[in-house]
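What the coordinates show
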Number of protein chains: 2
Amino acid sequence: MTAPATFQVDESLGVTAPLGFRAGAAAVGVKAPSEKPDVGVLACDVAARAAGVFTRNRVVAAPVLVSREHLKASRTLRGVVANSGNANACTGEQGLADARQMAALAAGHVGCRAEQMLVASTGVIGRMLPMEKVSEGIRAACGALGRGPAADLAFARAIMTTDTRPKQAAVRFDLRGRTVTVAGATKGVGMIAPNMATTLGFLTTDAPVRTALLRKILRRAAEATYNCLTVDGHTSTNDTLVLLASGLALREGRRAAAPIAPGSPEAAAFEAAVTAVCGHLARLIAADAEGGTKVIEVRVTGGASDKEARAAAGAIANSPLVKTAFFGEDPNWGRIVSAAGYAGLSSGPETMRLTLGDVVIFDRGRPVDADPARLEAVMAAHDILVHLDLGAGTGQARFLTCDFSYDYVKINAEYTT
Amino acid sequence: MTAPATFQVDESLGVTAPLGFRAGAAAVGVKAPSEKPDVGVLACDVAARAAGVFTRNRVVAAPVLVSREHLKASRTLRGVVANSGNANACTGEQGLADARQMAALAAGHVGCRAEQMLVASTGVIGRMLPMEKVSEGIRAACGALGRGPAADLAFARAIMTTDTRPKQAAVRFDLRGRTVTVAGATKGVGMIAPNMATTLGFLTTDAPVRTALLRKILRRAAEATYNCLTVDGHTSTNDTLVLLASGLALREGRRAAAPIAPGSPEAAAFEAAVTAVCGHLARLIAADAEGGTKVIEVRVTGGASDKEARAAAGAIANSPLVKTAFFGEDPNWGRIVSAAGYAGLSSGPETMRLTLGDVVIFDRGRPVDADPARLEAVMAAHDILVHLDLGAGTGQARFLTCDFSYDYVKINAEYTT
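Residues numbered from 1 in each chain as written. Chains lettered and ligands numbered in written order. Predicted model: local features only at pLDDT ≥ 70, side-chain atom pairs only at ≥ 80, totals over all residues.

As a further point, take the sheet that holds strand 13 (residues 383-389) of chain A. Residues and elements named next belong to chain A. Spatially, 6 strands are ordered 12-11-10-13-9-14 in an open sheet, and the strand pairing comes out mixed. Every other strand in the sheet has two partners, leaving strand 12 (366-367) and strand 14 (395-402) as the edge strands with one partner each. As judged from the 2 bridges shared by strand 11 (residues 359-363) and strand 12, these two strands associate in the antiparallel manner. Each bridged residue has a counterpart across the sheet, and for Asp363 the counterpart in strand 12 is Arg366. Helix-sheet contacts for helix 9 (residues 333-341) involve strand 10 (353-356), strand 11 and strand 13, and the interaxial angle to strand 10 is about 135°. (Pairing = 2+ DSSP bridges. Helix = DSSP H or I, 4+ residues; strand = E, 2+ residues; numbered from the N terminus. Contact = placed C-beta atoms within 7 Å. Axes fitted to C-alpha atoms, helices over the stretch in contact; angles between N-to-C directions.)

Below you can see the structure in the form of structure tokens.
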């Protein structure tokens with residue numbers, strides 16, 4: 001979930017780093033009583049290829065329904081309009097009409113068809129959008145569209161809810177002698193679980209990629225990163241991860257560049273870049289998780305299958321008992337082993353081996369007398385690796401999660417009131 | 001999950017209320033540094049019929065393995081030996097030998113074969129049992145075997161871990177002109193989820209019931225009560241629910257009573273009594289859940305199947321976001337609807353109806369303008385009913401859970417250290 005050695009991930013760059021993208025934001029009080037930005041618009045100067053992955057929750061928010069429609073209806077996109085502070089979920093026909101209006105308003109300002117804009121909302125479920133404020137916000141955000149660090153951060157801030165900091169990342173690599181950029185902004189930080197995208201995420205690139213390949217790469221990158229991230233096991237109604245490709249990096253004058261060919265080394269490099277950005281963004285979410293004080297990477301190897309390894313990793317990463325133990329810096333490894341045990345394994349504890357950091361603590365059904373000082377050092381760290389080998393096969397999986405603190409309870413007991 | 005109107009559940013009676021049972025306890029420092037009782041023995045004066053249901057966790061504690069063996073090896077039982085403070089789980093061959101020794105020691109004192117004793121342990125995972133202390137405790141508990149309120153409470157206290165109070169219940173009903181008693185003691189209160197029994201529970205009765213019927217009734221009662229209870233979604237390694245039947249209530253002199261016939265009205269009455277006791281015990285666990293301040297009953301109706309309704313109820317009852325909202329007395333119903341939404345439903349929000357207490361708050365895809373004062377009163381109560389109708393069929397299910405407070409984090413961050 002970290003970038004391959006070949007990529008240097010740069011958090012100072014955001015969604016307008018690739019050629020052809022502009023972003024803007026406005027604060028209009030959807031997140032009232034705060035004066036923080038709550039409407040953001042991302043626009044592409046040219047018709048961009050696009051792909052999206054969305055929540056698999058059966059209770060789907062209106063903006064997700066509209067975005068899916070638009071991705072089907074239009075071969076190309078020109079941008080995304082987003083708001084925070086209100087999820088526009090469980091809002092019936094009126095909510096659907098409001099989401100459509102958001103797309104139409106943004107399209108009017110950007111100068112494209114409504115179907116070329118996607119819509120994303122995040123915040124409280126079950127309240128009608130204050131459309132007067134939202135319309136004003138869209139107008140102001142479109143008026144502020146620009147490029148560069150300030151525009152990047154303004155957009156990243158506009159999609160924040162309980163996030164404590166904006167989250168963005170970019171990587172650059174060479175393609176045909178030119179520099180290609182893949183960038184993204186995302187927000188967390190509660191109601192996060194697979195499946196699917198578990199959050200809002202907006203990726204941009206200036207690589208030339210056709211829609212079919214874009215879809216395939218985005219789906220695989222999400223599966224390996226966002227879908228291995230859990231904060232509280234609660235899949236949201238609004239999860240959206242979108243990738244827009246302007247193709248401008250390799251353009252010669254007015255001639256469009258030849259698209260990256262599926263299966264080529266170029267496609268592999270591009271997929272690695274997208275995965276690196278998604279992986280970095282997912283880690284930023286885990287590090288800023290509601291009330292989280294630690295980032296915990298759960299690695300499971302030796303599963304009878306990848307699926308079994310994934311089930312075990314997910315059970316460990318979602319267990320409130322495991323997560324509270326990490327908050328207490330308590331190496332209560334029995335909770336880890338027993339969480340794997342209820343994930344439907346084909347093997348038992350007699351083949352398992354559990355390592356915390358670099359300290360083996362349970363081996364083939366028996367506790368290991370570990371050095372308390374080394375164990376204490378592992379548990380005191382901010383980043384902790386939990387490695388469970390099931391000893392049953394070659395299946396493997398990884399999950400990213402956080403600990404569970406008083407602040408998680410505080411933040412979530414007081415969120416709407 | 002409450003007793004049918006025909007049963008009066010009595011919490012002043014415990015495991016020795018049915019004829020033929022004695023109980024004893026001792027404090028020997030397994031739960032050190034506390035001086036609380038930590039070894040308990042339950043003994044039956046005659047060879048009892050028995051049934052047990054155990055954890056479905058693949059990581060199974062040694063006492064569960066031994067108890068399963070003994071239930072298979074022996075047609076009748078004479079009792080149970082239990083300890084708290086140490087789960088004897090993930091302890092390998094030594095742990096298995098220790099569990100066998102516990103049974104043998106208790107059997108020696110009670111005067112039966114080792115296979116006629118079951119073993120149960122609860123507490124920290126991954127530590128070897130301090131067998132010198134445990135042996136001393138078994139001797140002392142067997143020396144203290146007795147009947148009546150003091151013996152009942154001593155036994156109920158000996159199985160407590162983070163429980164704040166002992167948990168027991170009994171019901172009495174007439175059968176063939178005599179009084180039959182079903183009683184039980186149980187402990188919670190974290191690491192609780194289906195499946196299975198989610199805790200330790202020891203039930204006794206003096207009804208005459210053959211093993212096959214006993215098994216069937218215990219399994220069904222557990223399914224309707226203990227298996228609809230969740231505190232943190234973490235299925236334990238040690239879950240054990242046992243039912244012992246002495247048959248002494250209807251004995252005529254030395255002649256054994258005719259056993260209750262399967263399918264008879266007597267069987268129905270007995271099953272209702274067992275279910276009432278299990279239901280009451282499960283509610284006691286929910287009410288004493290680690291850090292819980294409220295008992296929340298999640299009822300789901302209108303599912304395409306009972307299975308679908310159960311999945312939705314379980315997702316709601318296990319969501320940390322739902323549970324923290326109840327702690328904050330915040331009617332954040334979007335979290336409830338969205339939790340159901342990720343349970344794999346066949347229907348969407350447009351047919352749903354959500355009621356908190358007696359206040360409808362979401363109806364066919366749209367929020368309802370509920371009276372804030374009535375809603376506030378519902379959320380302020382200790383017992384809260386959440387009723388989600390999926391509007392898709394006749395499937396239904398019920399789950400019992402608690403809210404999620406600062407104290408859950410505190411208790412579980414500090415448990416072993």
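A:Val277, A:Ala312, B:Val277 and B:Ala312 are the most contacted members of the largest nonpolar core, which totals 290 residues. Once residues lying within four places of it in the same chain are set aside, the contact partners of A:Ala312 are A:Val300, A:Gly303, A:Ala340, A:Ala343, A:Leu345, A:Leu388 and A:Leu390. (Core = buried A, V, L, I, M, F, W, Y, C linked by C-beta atoms within 7 Å. Buried ≥ 20, exposed ≤ 12 C-beta atoms within 10 Å, placed from the backbone.)

For the pair chain B and chain A, the superposition axis carries a translation of 0.0 Å, the fit reaches an RMSD of 0.1 Å, and the rotation angle comes to 180°. Both copies are brought into coincidence by an operation consistent with a two-fold rotation axis. Taking C-alpha positions as the reference, the residue of chain B nearest the rotation axis is B:Tyr406, at 2.7 Å. The share of interface residues of chain B whose copies in chain A are also at the interface is 98%, consistent with both copies meeting through the same surface. (Least-squares fit on C-alpha atoms with pLDDT ≥ 70 in both.)

Right, let's get into the domain arrangement of chain A. All names here are of chain A. According to the domain assignment, chain A consists of domain 1 (21-287) and domain 2 (295-413). Using C-alpha coordinates to define each centre, domain 1 is positioned 33 Å away from domain 2. Counting from both sides, the interface comprises 11 residues of domain 1 and, opposite them, 11 residues of domain 2. Of the residues that constitute the side of domain 1 that touches domain 2, the class distribution is 6 nonpolar, 4 polar and 1 charged. (Domains from an automatic or database assignment. Nonpolar A, V, L, I, M, F, W, Y, C, P; charged D, E, K, R; others polar.)

Quick look at the interface of chain B and chain A now. Between chain B and chain A, the contact holds 52 residues from the first and 51 residues from the second. Elements with a contribution of two residues or more to the side of chain B that touches chain A: helix 8 (320-327), helix 9 (333-341), strand 12 (366-367) and helix 11 (406-413) of chain B. Residue contributions to the side of chain B that touches chain A peak at 7 residues, all from helix 9 of chain B. Its residues assigned to classes, the side of chain B that touches chain A shows 24 nonpolar, 23 polar and 5 charged.

Turning to the packing of helix 2 (residues 92-110) of chain B against helix 3 (residues 131-143) of chain B, a few remarks are in order. All names here are of chain B. Two elements in contact, helix 2 and helix 3, have axes whose closest approach is 9 Å; the angle formed by their N-to-C orientations is 25°. As far as their axial angle goes, helix 3 and helix 2 are roughly parallel. Between helix 2 and helix 3 lies a crossing whose hand is right-handed. Contacts between helix 2 and helix 3 involve Asp98, Gln101, Met102, Leu105, Ala106, His109 and Val110 on the former and, on the latter, Met131, Val134, Ser135, Ile138, Arg139 and Cys142. In terms of residue class, the contact of helix 2 with helix 3 is built from 8 nonpolar, 3 polar and 2 charged. (Parallel < 35°, antiparallel > 145°, perpendicular 65-115°, else oblique. Left-handed = near helix turned anticlockwise from the far one by under 90°.)

Residues and elements named next belong to chain B. Taking strand neighbours across the sheet as the criterion, the 6 strands line up as 12-11-10-13-9-14 in an open arrangement whose pairing is mixed. Looking at strand neighbours, the two that pair on one side only are strand 12 and strand 14 (395-402), the edges of this open sheet. Where strand 9 (residues 295-303) lies against strand 14, 7 bridges are found, and the strand directions are antiparallel. Of the residues in strand 14, the one forming a bridge with Gly303 is Gly395. Strand contacts of helix 6 (residues 265-287): strand 9 and strand 14, with the helix running at about 45° to strand 14, the strand carrying the most contacts. Of the strands in this sheet, strand 9, strand 13 (383-389) and strand 14 are in contact with helix 7 (residues 306-318), which crosses strand 14 at around 20°.

By the element assignment, B:Ala340 lies in helix 9. C-beta crowding within 10 Å serves as the criterion here: with 32 such atoms nearby, B:Ala340 is assigned to the buried category. For the pair B:Ala340 and B:Ile316, spaced 24 residues apart in sequence, the C-alpha separation works out to 6.0 Å. Once residues lying within four places of it in the same chain are set aside, the contact partners of B:Ala340 are A:Val59, B:Ala312, B:Ala315, B:Ile316, B:Leu345 and B:Leu388.

The next thing to look at is the pairing of strand 7 (residues 200-205) of chain B. Residue and element names in this part refer to chain B. Most of strand 7 sits out of view: 6 of its 6 residues are buried. Side chains Leu200, Phe202 and Thr204 project from strand 7 onto one buried face, and the interleaved Gly201, Leu203 and Thr205 project onto a second face that is buried too. Sheet topology note: the strand 7/strand 8 (residues 240-245) ladder contains 6 bridges and is parallel. Bridge pairing in strand 8 places Thr204 opposite Leu244.

Residues and elements named next belong to chain A. Two elements in contact, helix 5 (residues 211-224) and helix 6 (residues 265-287), have axes whose closest approach is 9 Å; the angle formed by their N-to-C orientations is 40°. If you check the angle between helix 5 and helix 6, you find them oblique. The element helix 5 and its partner helix 6 pack so that their crossing is right-handed. Judged by residue contacts, Leu213, Ile217, Leu218, Arg220, Ala221, Ala222 and Ala224 of helix 5 engage Ala267, Phe270, Glu271, Val274, Thr275 and Cys278 from helix 6. Of the residues contributing to the contact of helix 5 with helix 6, the split by class is 10 nonpolar, 1 polar and 2 charged.

The next thing to look at is helix 2 of chain B. All names here are of chain B. The first and last C-alpha atoms of helix 2 sit 28 Å apart over 19 residues, in line with the 27 Å expected at 1.5 Å per residue. Of all the positions in helix 2, only Gly95, Asp98, Ala99, Met102, Ala103, Leu105, Ala106, Ala107, His109 and Val110 are classed as buried. For helix 2, the secondary structure elements touched by its buried residues are strand 2 (39-54), helix 1 (62-73), strand 3 (77-86), strand 4 (117-124) and helix 3. Just past helix 2, the residue Gly111 takes up positive phi, approximately 90°. (Expected span 1.5 Å × (residues − 1).)

With that settled, the discussion passes to the environment of A:Thr394. With respect to the secondary-structure elements, A:Thr394 resides in the loop between strand 13 and strand 14. Taking the number of C-beta atoms within 10 Å as the measure of exposure, A:Thr394 has 11 and is therefore exposed.

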